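# Report on the structure
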Amino acid sequence: MLVVREKGGHINININRPHGGQYRMGTIQNGDNPEWGQSRMGTIQNGDNPMAIATNRPRYADRTPQMKRIELMHLARLLLACIAAQPGASPTRNSSRPARANHTPRKGRPGGQPSNLHSNRHSDRPNVWSHGGKGDTLSDNMIQQTHDTSALPYLTANLPGVSGDIKVRNEDFVVEEIPLYEASGEGTHIYATIEKSGVATMEAVKRIARKLGRQARDIGYAGLKDASAITRQRISVEHIDPELLTELKLDGIRVLSVKRHGNKLKLGHLAGNRFDLRIRNTAPDQVDRVRAIVDVLATRGVPNYYGPQRFGVRGDNWLIGRAAVMGDNLKALSLLLGNPGPDDHGDVLRARELYDKGDYKAAADAWPRGCSEQRYVCGAVAKAGGNPRKGWRAVDRNMRRFYVSAYQSYLFNRVLTDRVTRDAFDKIETGDMAYKHVNGACFLVEDATVEQPRCDAFEISPTGPIFGKRSTPAQGDPGQRESAILESESMTLEVFGKHEGKFAQGARRPLRVPMTDSDVEAGADGFGPYIRLRFALPPGSYATCVTREVCKAD
């Protein structure tokens, strides 16, 4: 059991876990020197063995209650990792059910979920779980057992953030797709530019398809956009009267324009996204701080982390994907439909408990109507007599792909974390697979000294792996570090192709992306003062990678 308490600027963490009959206790004590600013030092006392730590966090006393809860969770995991690393420590495996450590994006912070899966909300309480497979027991890589994007290292760690809130209102976060090509005006496909507010892309597609009497798979789209924003993006529908799209009226969705074209829109058919954001609850006179951070990002690039959207509200999308890649359909379904967390409540809690008890039909009926995917899959498991393989195959194909991608994203973030920590994410190393920003091609770096000037000019960047059955590994030291990450997961490239190979082909992804058209200004409206931040990013990159550097309020 993990108990975390805060009193008088001190964080006390007690761990009551069977281990040789011992009761393990640890305390993290934050210092009180205001000159430390963003650099926090503390001591973890594990029994008789103190361990010094340093965290890149604002002074604890300066943080909001929500941020304190996240800080508690972050430091708790550090303590657990240190305990697990002690000689002779081999914490027992919890065989009852997995839990996880995660935090929930609150209103006014970046984050969200691109579908209605895991729609129940969770707070920031820490918890720990063990996978239960080979190499899955709690160990010295405790921090790797859950993915909390707030713990990812900052590139601009030496520059203070401005705190503040993002997405206080949908109007504070405006995203506009930059088309990869313009519609030609001829063809059987109708391209519609839509504006939506408070609706995620997948939900918008389902609503539009239902209104038009089509299947969701008939609707093409180039990118996924969050719900908590105003977003403008294109969709495509074939063999339809353009007037039906022009006259389409749905809550939170309106059609701005329509035009014919010759092909269906597919994921990736965009050149990038423009962002227009307002940071609330921060002093406008801190605009110079924002400019200083933006200047670094514009020069060195934005760390190309996968953001919290990829990992879901429960923070366990990658765990579902990992189980699927390993062929453990039973565990994947348990994480998706069962495994109630400490903050599940109402119908969601009841549905998850019923699933864990094996009463799949009752669980299907218990899921709220907004959780249509869970209801459907639970029903499929019930019809299959609990057969996990048939149950997993009932999961929507796009969602299965999304879960596998979440696991690949988690592994990529680990590679990028290493490079940012070593201050090498914009440095070419011999053995790297380098990315050409002009056309997206990759090549093996045989001599880092020859290629570094091109990297300095932002012509090329080092890449990290999207592990898959056909991914090209790096060589030399970069390749060894990538292999070590796979080994720590008891994973191989061959395993990616064994069970979910069609969703795990593999690729390379640049460790950094250029930020263009950036602008920062202070302003005010009827809702108060704000700092306005505008910029553009390539497709597949997350605005949260910019805002987290600016605010440092993770």
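I will try to describe carefully the structure that is included in this document. Source: prediction; values computed, not measured.

Quick notes on the rules
- For every chain, the first residue of its written sequence is number 1, and the numbers climb from 1 along that sequence.
- Only residues with pLDDT of at least 70 are given local features in this predicted model, and only at 80 or more are side-chain atom pairs given and counted; all residues enter the totals for whole chains, interfaces and linings.
- Hydrogens and water molecules were not included; the side-chain quantities draw on all heavy atoms of the structure.
- Secondary structure elements follow DSSP: runs of H or I of four or more residues count as helices, runs of E of two or more count as strands, with numbering from the N terminus.
- Note on classification: 1.4 Å probe, protein chains only; a residue is buried when its accessible area is under 20% of the maximum for its type, exposed when over 50%, partly exposed between these limits.
- Whether two residues are in contact is decided by their heavy atoms, any of which lying within 4.5 Å being enough.
- Side-chain rings of Phe, Tyr and Trp, where Trp is taken by its six-membered ring, are said to pair if the distance between their centres is within 6.5 Å; with planes under 30 degrees apart they count as stacked, over 60 as edge-to-face, and otherwise as tilted.
- Over a ring means this: the NZ of a Lys or the CZ of an Arg is within 6 Å of the ring centre and within 35 degrees of the ring normal.
- A patch consists of residues exposed above 30% relative accessible area that lack any salt bridge, with like charges linked at up to 9 Å and nonpolar side chains (Val, Leu, Ile, Met, Phe, Trp, Tyr) linked at up to 5 Å.
- Each accessible area value is a Shrake-Rupley result obtained with a 1.4 Å probe; residue values ignore everything except the protein chains displayed when judging cover.
- Criterion for a salt bridge: a side-chain nitrogen of Lys or Arg within 4 Å of a carboxyl oxygen of Asp or Glu.
- Counting rule for charge: Lys and Arg are taken as positive, Asp and Glu as negative, and neither His nor the chain ends is counted.
- Charged side chains are reduced to one point each, which is NZ for Lys, CZ for Arg, CG for Asp and CD for Glu.
- What is meant by a nonpolar core is a set of buried Ala, Val, Leu, Ile, Met, Phe, Trp, Tyr and Cys residues, joined one to another through side-chain atoms within 4.5 Å.
- We call two strands paired when DSSP finds no fewer than two bridges between them.
- Each axis is a line fitted through C-alpha atoms, and for a helix only the stretch in contact is used; angles between axes span 0 to 180 degrees, taken between their N-to-C directions.
- An arc is given here, and it is the one of the directions from the helix axis to the C-beta atoms.
- Pairs of N or O atoms within 3.5 Å make up the polar contacts considered here, provided that, within protein, one atom can donate a hydrogen while the other can accept it, and that residues adjacent in sequence are counted only when both atoms are side-chain atoms.
- Here a helix's expected span is defined as the number of its residues, less one, multiplied by 1.5 Å.

On to the overall build of the protein chain, then. Counting its secondary structure elements, the protein chain contains 15 helices and 20 strands. When each of the 554 residues of the protein chain is scored for burial, the buried share is 53%. By sequence separation, contacts in the protein chain at least 24 residues apart represent 72% of the contacts at least 6 residues apart.

Now for the environment of Ala-324. Checked against the element boundaries, Ala-324 lands in helix H5 (residues 317-325). Assessed through its relative accessible area of 1%, Ala-324 is described here as buried. Along the primary structure Ala-324 and Phe-496 are separated by 172 residues, whereas in three dimensions their C-alpha atoms are 9.4 Å apart. Contacts of Ala-324, omitting those with residues within four sequence positions, involve Ala-332, Trp-392, His-499 and Glu-500.

The next subject is the packing of aromatic side chains. Counted under the stated rule, the structure contains 13 aromatic pairs. An aromatic cluster of three or more residues is present, and its members are Trp-318, Tyr-407, Tyr-410, Phe-467 and Phe-496. Taking the ring centre of Phe-412 as reference, the NZ or CZ of Arg-509 above it sits at 5.3 Å. A cation over a ring is seen here: Lys-552 above Tyr-154, with NZ or CZ 5.3 Å from the ring centre.

What follows deals with a positive patch on the surface. Together, Arg-397, Arg-401, Lys-469, Arg-470 and Lys-502 make up a positively charged patch on the protein surface. Secondary-structure assignment places Arg-401 in helix H11 (residues 397-421).

This brings us to the pattern of salt bridges. Inspection of the entire model under this criterion finds 33 salt bridges. Here Asp-426 and Arg-300 are joined by a salt bridge, their closest N and O atoms 2.8 Å apart. Pair noted here: Asp-426 is in the loop between H11 and strand E14 (433-436) and Arg-300 is in helix H4 (residues 287-300), with a separation of 126 residues, a long-range link. With relative accessibility at 9%, the residue Asp-426 sits in the buried group. Each of Asp-418, Arg-419, Arg-422, Glu-429, Asp-432 and Arg-481 takes part in one network of salt bridges that share partners.

As a rule of thumb, nonpolar side chains are buried together in soluble globular proteins. Counting residues in hydrophobic clusters, the biggest one holds 80 residues, and the most contacted among them are Phe-496, Phe-535, Val-546 and Val-550. Contact partners of Phe-496, with chain neighbours within four places excluded, come to Val-325, Tyr-407, Gln-408, Leu-411, Phe-467, Gly-468, Lys-469, Leu-486, Met-491, Gly-501 and Ala-504. Counting residues in each nonpolar core, the second largest holds 19 residues, with Ile-190, Ala-192, Ile-235 and Leu-248 among its members.

Our next topic: the sheet that holds E14. The strands making up a sheet associate through backbone hydrogen bonding, with each pair oriented either parallel or antiparallel. Reading across the sheet, the 4 strands line up as E15-E14-E16-E17 and stay open at both edges, with antiparallel pairing between neighbours. Since the sheet does not close on itself, it has two edges, and those belong to strand E15 (442-444) and strand E17 (507-510), each with one partner. Between one strand axis and the next, the sheet turns through 45° on average, direction left out of account. Packed on one face of the sheet, H11 meets strand E16 (460-466) and E17 and runs near 140° to E16. With respect to the sheet, helix H12 (residues 448-456) is in contact with E14, E15 and E16, its orientation differing from that of E16 by roughly 100°.

This paragraph deals with helix H7 (residues 346-356). Buried within H7 we find Val-348, Ala-351, Arg-352, Leu-354 and Tyr-355. Along H7, the residues classed as buried sweep out an arc of 160° about the axis, all on the same side. Close packing links the buried residues of H7 with helix H6 (329-337), helix H8 (360-366) and helix H9 (372-383). Gly-358 occupies a position one or two residues after H7 and carries a positive phi of about 90°.

This paragraph deals with the environment of Glu-482. One can find Glu-482 in helix H13 (residues 476-488). Separated by 71 residues in the primary sequence, Glu-482 and Leu-411 place their C-alpha atoms 9.1 Å from one another. Look past the residues within four positions of Glu-482 in its chain and what remains in contact with it is Val-415, Thr-463, Pro-465, Phe-467, Pro-473, Ala-474 and Arg-508. Of the polar contacts made by the side chain of Glu-482, one reaches the side chain of Arg-508; its length is 2.8 Å.

What follows covers H9. For H9, spanning 12 residues, the distance from its first C-alpha to its last is 17 Å, which sits close to the expected 16 Å at 1.5 Å a residue. Every buried residue of H9 is listed here: Glu-373, Gln-374, Val-377, Cys-378, Gly-379, Ala-380 and Val-381. Of the surrounding secondary structure, the elements contacted by the buried residues of H9 are H6, H7, H8 and helix H10 (388-393). A positive phi of about 65° marks Gly-385, the residue just after H9.

This brings us to the pairing of strand E11 (residues 253-261). Bridge count between strand E7 (residues 189-197) and E11: 8 bridges; the pairing is antiparallel. Each residue of the ladder has a partner; that of Thr-193, found in E11, is Ser-257. Both strand E10 (residues 249-250) and E11 contribute to a ladder of 2 bridges, which runs antiparallel. What sits directly across from Leu-250, in E11, is Ile-253. Adjacent in sequence and paired antiparallel, E10 and E11 are bridged by 2 residues, among which Gly-252 carries a positive phi angle near 80°.

Turning our eyes to something else, we now look at the side chain of Arg-509. Mapped onto the fold, Arg-509 is located in strand E17. Buried within the structure, Arg-509 lacks any salt-bridge partner; Glu-482 is the closest side chain of opposite charge, at an N-O distance of 12 Å. Polar contacts involving the side chain of Arg-509 include one to the side chain of Asn-304, which spans 2.9 Å. Not counting residues within four places of it along the chain, the set of residues in contact with Arg-509 comprises Asn-304, Tyr-305, Tyr-306, Phe-412, Pro-462, Thr-463, Gly-464, Ile-466, Gly-540 and Tyr-542.

This paragraph deals with the side chain of Asp-432. Within the secondary structure, Asp-432 is located in the loop between H11 and E14. For Asp-432, the side chain forms a polar contact with the side chain of Arg-419, separated by 3.0 Å. For Asp-432, the contacting residues outside a window of four places in its chain are Arg-419, Lys-427, Phe-443, Leu-444, Val-445, Pro-462 and Pro-478.

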